[in-house]
2 protein chains.
Amino acid sequence: MNSFTEENYLKSIFKLSQKTDNGVSTNSIAESLETKASSVTDMIKKLSDKKLVNYKKYQGVNLTKEGKDIAVSIIRNHRLWEVFLVEKLNFKWDEVHDLAEDLEHINSKKLTNQLDAFLEYPKYDPHGDPIPDKDGNIHRHLDITLADLKTYDKGIVVGVKEHSKSYLNYLETINLVLGTEIKVNKIVDFDLSMSVEVNKKESVNISHQASKNLIIKKSN
Amino acid sequence: MNSFTEENYLKSIFKLSQKTDNGVSTNSIAESLETKASSVTDMIKKLSDKKLVNYKKYQGVNLTKEGKDIAVSIIRNHRLWEVFLVEKLNFKWDEVHDLAEDLEHINSKKLTNQLDAFLEYPKYDPHGDPIPDKDGNIHRHLDITLADLKTYDKGIVVGVKEHSKSYLNYLETINLVLGTEIKVNKIVDFDLSMSVEVNKKESVNISHQASKNLIIKKSN
DNA sequence: ATATATTTTTAGACTAATCTAAAAATAGTT
DNA sequence: AACTATTTTTAGATTAGTCTAAAAATATAT
Ligand SMILES: [Mn+2]
Ligand SMILES: [Mn+2]
Ligand SMILES: [Mn+2]
Ligand SMILES: [Mn+2]
């Protein structure tokens, strides 16, 4: 089987490959895994020997079908466990990621599928990220953020692009959790900060930094 | 923190120390972990440096308070996860041990305690083994096995001393699962095999090998 | 008490994953 | 096209955990 380390590389390469058309660069992997480029090169060779990535020196890597399947199944595990922790064990959405990083490596198709059934086949995790189904299909949200909206646009909060505790905590204090209805009341052209109506009540001020990480489903 | 490997050594030493009054021998650890004595010696030194075991060369080891606490918490995790898998995810009692071997190393007090609460504070795991509570207290069954009973003794199956798939499967085929009422009808003095009445109905024949691994609570 | 058998430890080597420092390849700039 | 900067790879070392083979300590038997 594959080690935890190998699985983390595959997951990282999968996520990075969605942000680029070319191969995934050695440095970008190193950065995302907080390791050194030389370590990445070594691991890439290993994954290449195992036919989990396609690799030509200096050209970056791409996942093979098999490598991608493994990556997606780990992401599926991660997000299902996050749902479990929040829905069944009363964790908050800002507390589950690190635990899921460990739990995602428990390798059992039966466990994953039974957990999925137990949770009644959730489509999204506590951060709005889509959960790949049994066959690896992922239904992504349209990539519209609060920062993309115009004055008087309305919508519903459906996800976050930034998963740090501080950001999630902040959102909670201003009531911008998943499912919240919002309406843009004003956009300050100087710094692109916004005044946003939350659940038809209070207006809150939100920086561009914050608004561009909040995924919205426009509601007309 | 401690690695998976260190945790497995601690767990193994804890279990072995319950079967002996002296220190736990290097060879017994090696056997239980399916490794070599030389590897055990190395690891013991490491655990000793970390003050998790007391060790004098050639004298065997004993857990320190801290080492014991870690071992017990891992056993607590293991057994809670087994309950979860059986009660919530519809696993059979012979399918859960290997998964629990991995899950037990997920290290989070909060996770463990929330899981315990979610399962409504179970006292025993699917094999009848006692689950240590939050403070590490373990309420063991009296160590009476079916093989200890006399003719016409009655009792209830409350646990197993052997956890192999083949034994658990066999018990299921003859309906000797946890909670089953039994009565000893006959003991063959030649091979100590028994004829046992199960749930006041069928009588089954059981070898000594099988009966001495079944833990019974005598019912008068 | 001495010889023999068993257990435990040491010595030295191997693998996976990592690192630093240096070399090689690629990309960007004048 | 030539120089410079950046990225990637290589070379060599390190650490955790393991192994085999041999040495040392302890236990058992005569
Ligand atoms: Mn996460
Ligand atoms: Mn998530
Ligand atoms: Mn078990
Ligand atoms: Mn058990």
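Residues numbered from 1 in each chain as written. Chains lettered and ligands numbered in written order. Predicted model: local features only at pLDDT ≥ 70, side-chain atom pairs only at ≥ 80, totals over all residues. Heavy atoms only, no water.

## A closer look at unusual backbone geometry
Link 1 in the chain: Despite not being glycine, E34 of chain A has its phi angle at roughly 50°, a positive value.
Link 2 in the chain: A residue is classified by how much of its surface remains accessible, and E34 of chain A, at 75% relative accessible area, is exposed.
Link 3 in the chain: For N90 of chain B, which is not glycine, the phi torsion reads 60° and is therefore positive.
Link 4 in the chain: Relative to the helices and strands, N90 of chain B resides in the loop between helix 4 (65–87) and helix 5 (97–103). (Buried < 20%, exposed > 50% of the residue type's maximum accessible area, 1.4 Å probe, protein only. Helix = DSSP H or I, 4+ residues; strand = E, 2+ residues; numbered from the N terminus.)

## Here's the deal with the interface of chain B and chain A
Link 1 in the chain: Counting from both sides, the interface comprises 19 residues of chain B and, opposite them, 19 residues of chain A.
Link 2 in the chain: Carbon and sulfur atoms supply 79% of the area buried between chain B and chain A, which totals about 1600 Å² over both sides.
Link 3 in the chain: Looking at the side of chain B facing chain A, the largest losses of area belong to L89, I106 and F118 of chain B, adding up to 28% of the total buried there.
Link 4 in the chain: One salt bridge connects E95 of chain B with K110 of chain A, and the closest N-O pair in it is separated by 3.2 Å.
Link 5 in the chain: Counting across the chain B and chain A interface gives four residue pairs in polar contact (both at pLDDT 80 or more).
Link 6 in the chain: Breaking the side of chain B that touches chain A down by element, the ones donating at least two residues are helix 4, helix 5 and helix 6 (109–118) of chain B.
Link 7 in the chain: In terms of residue count, the dominant contributor to the side of chain B that touches chain A is helix 6 of chain B (five residues).
Link 8 in the chain: Of the residues belonging to the side of chain B that touches chain A, the class tally is 12 nonpolar, three polar and four charged. (Contact = heavy atoms within 4.5 Å. Buried area = accessible area lost by both parts, 1.4 Å probe. Salt bridge = Lys/Arg side-chain N within 4 Å of Asp/Glu carboxyl O. Polar contact = N/O pair within 3.5 Å; in protein donor to acceptor, adjacent residues only side chain to side chain. Nonpolar A, V, L, I, M, F, W, Y, C, P; charged D, E, K, R; others polar.)

## Observations regarding the protein's contact with DNA strand C
Link 1 in the chain: The full set close to DNA strand C counts 21 residues, and S3 and K46 of chain A together with K45, Y55 and K57 of chain B are the nearest of them.
Link 2 in the chain: Within 4 Å of the protein, the atoms of DNA strand C are drawn from sugar and phosphate moieties in a proportion of 79%.
Link 3 in the chain: Within the side chain of S38 of chain A, one N or O atom sits 3.0 Å away from a base oxygen of DNA strand C.
Link 4 in the chain: One of the side-chain nitrogen or oxygen atoms of K45 of chain B is found 2.5 Å away from a phosphate oxygen of DNA strand C. (Near = heavy atom within 4 Å.)

## A few points about the layout of surface pockets
All names here are of chain A.
Link 1 in the chain: Its volume calculated, the largest pocket comes out at about 1400 Å³.
Link 2 in the chain: In terms of lining residues, the largest pocket is bounded by 42 residues, among which K15, R79, D129, K161 and H163 are the most central.
Link 3 in the chain: Listing elements by their share of the lining of the largest pocket, those giving two or more residues are helix 1 (4–17), helix 4 (65–87), helix 5 (97–103) and helix 7 (165–173).
Link 4 in the chain: By residue class, the composition of the lining of the largest pocket is 13 nonpolar, 12 polar and 17 charged. (1 Å grid on protein atoms, 1.4 Å probe; cavity = no way out; pocket = protein on both sides within 12 Å on 5 of 7 lines; lining within 4 Å. Points joined across faces, edges and corners; volume = space filled by probe spheres on them.)

## Some details on the side chain of E104 of chain A
Residue and element names in this part refer to chain A.
Link 1 in the chain: Mapped onto the secondary structure, E104 falls in the loop between helix 5 and helix 6 (109–118).
Link 2 in the chain: Exposure remark for E104: the relative accessible area of 1% places this residue in the buried category.
Link 3 in the chain: Engagement of the side chain of E104 in a polar contact is seen with the side chain of K11, the distance being 2.8 Å.
Link 4 in the chain: Non-local contacts of E104, meaning those with residues more than four positions away in its chain, are made with N8, K11, I74, N77, H78 and W81.

## A closer look at the sheet that holds strand 6 (residues 203–206) of chain A
All names here are of chain A.
Link 1 in the chain: Within the open sheet, the five strands sit side by side as 6-5-4-3-7. Their pairing is antiparallel. Each edge of the open sheet is held by one strand with a lone partner, namely strand 6 and strand 7 (214–218). Shown here is a sheet whose adjacent strand axes are inclined to one another by a mean of 45°, direction ignored.
Link 2 in the chain: Direction of pairing for strand 4 (residues 181–187) relative to strand 5 (residues 194–198): antiparallel, over a ladder of five bridges. Across the sheet, residue I182 finds its bridge partner in strand 5, namely V198.
Link 3 in the chain: Packed on one face of the sheet, helix 7 meets strand 3 (154–160), strand 6 and strand 7 and runs near 150° to strand 3. (Pairing = 2+ DSSP bridges. Axes fitted to C-alpha atoms, helices over the stretch in contact; angles between N-to-C directions.)

## Structural notes on the coordination of the manganese ion (ligand 3)
Residue and element names in this part refer to chain B.
Link 1 in the chain: Protein ligation of the manganese ion (ligand 3) involves H78 (NE2), E82 (OE) and H97 (ND1), the donor distances falling in the range 2.0 to 2.2 Å.
Link 2 in the chain: Every donor residue of the manganese ion (ligand 3) comes from the same chain, spaced as H-x3-E-x14-H.
Link 3 in the chain: The manganese ion (ligand 4) is placed at 3.4 Å from the manganese ion (ligand 3), the two being bridged by E82. Here E82, found in helix 4, pairs with H97, found in helix 5; they are 15 residues apart in sequence, far enough to count as distant.
Link 4 in the chain: For E82, a relative accessible area of 1% translates into the label buried.
Link 5 in the chain: You can call H97 partly exposed: its relative accessible area is 31%. (Donors = N, O, S within 2.8 Å, 3.2 Å for Na, K, Ca; no water.)

## Describing the protein's contact with DNA strand D
Link 1 in the chain: Close contacts around DNA strand D come from 21 residues, with K45, Y55 and K57 of chain A together with S3 and K46 of chain B the closest.
Link 2 in the chain: Sugar plus phosphate, as a fraction of atoms of DNA strand D within 4 Å of the protein: 77%.
Link 3 in the chain: Here a phosphate oxygen of DNA strand D and a side-chain polar atom of T41 of chain A are 3.0 Å apart.
Link 4 in the chain: At a separation of 2.9 Å, a base oxygen of DNA strand D approaches a polar side-chain atom of S38 of chain B.
Link 5 in the chain: Elements with a contribution of two residues or more to the surface near DNA strand D: helix 2 (26–32) and helix 3 (37–49) of chain A together with helix 1 (4–17) and helix 3 (37–49) of chain B.
Link 6 in the chain: Per-element tally for the surface near DNA strand D: the top contributor is helix 3 of chain B, with five residues.
Link 7 in the chain: Grouping the amino acids of the surface near DNA strand D by side-chain chemistry returns six nonpolar, 10 polar and five charged.

Note that all results are geometric; they support no functional claim without further evidence.
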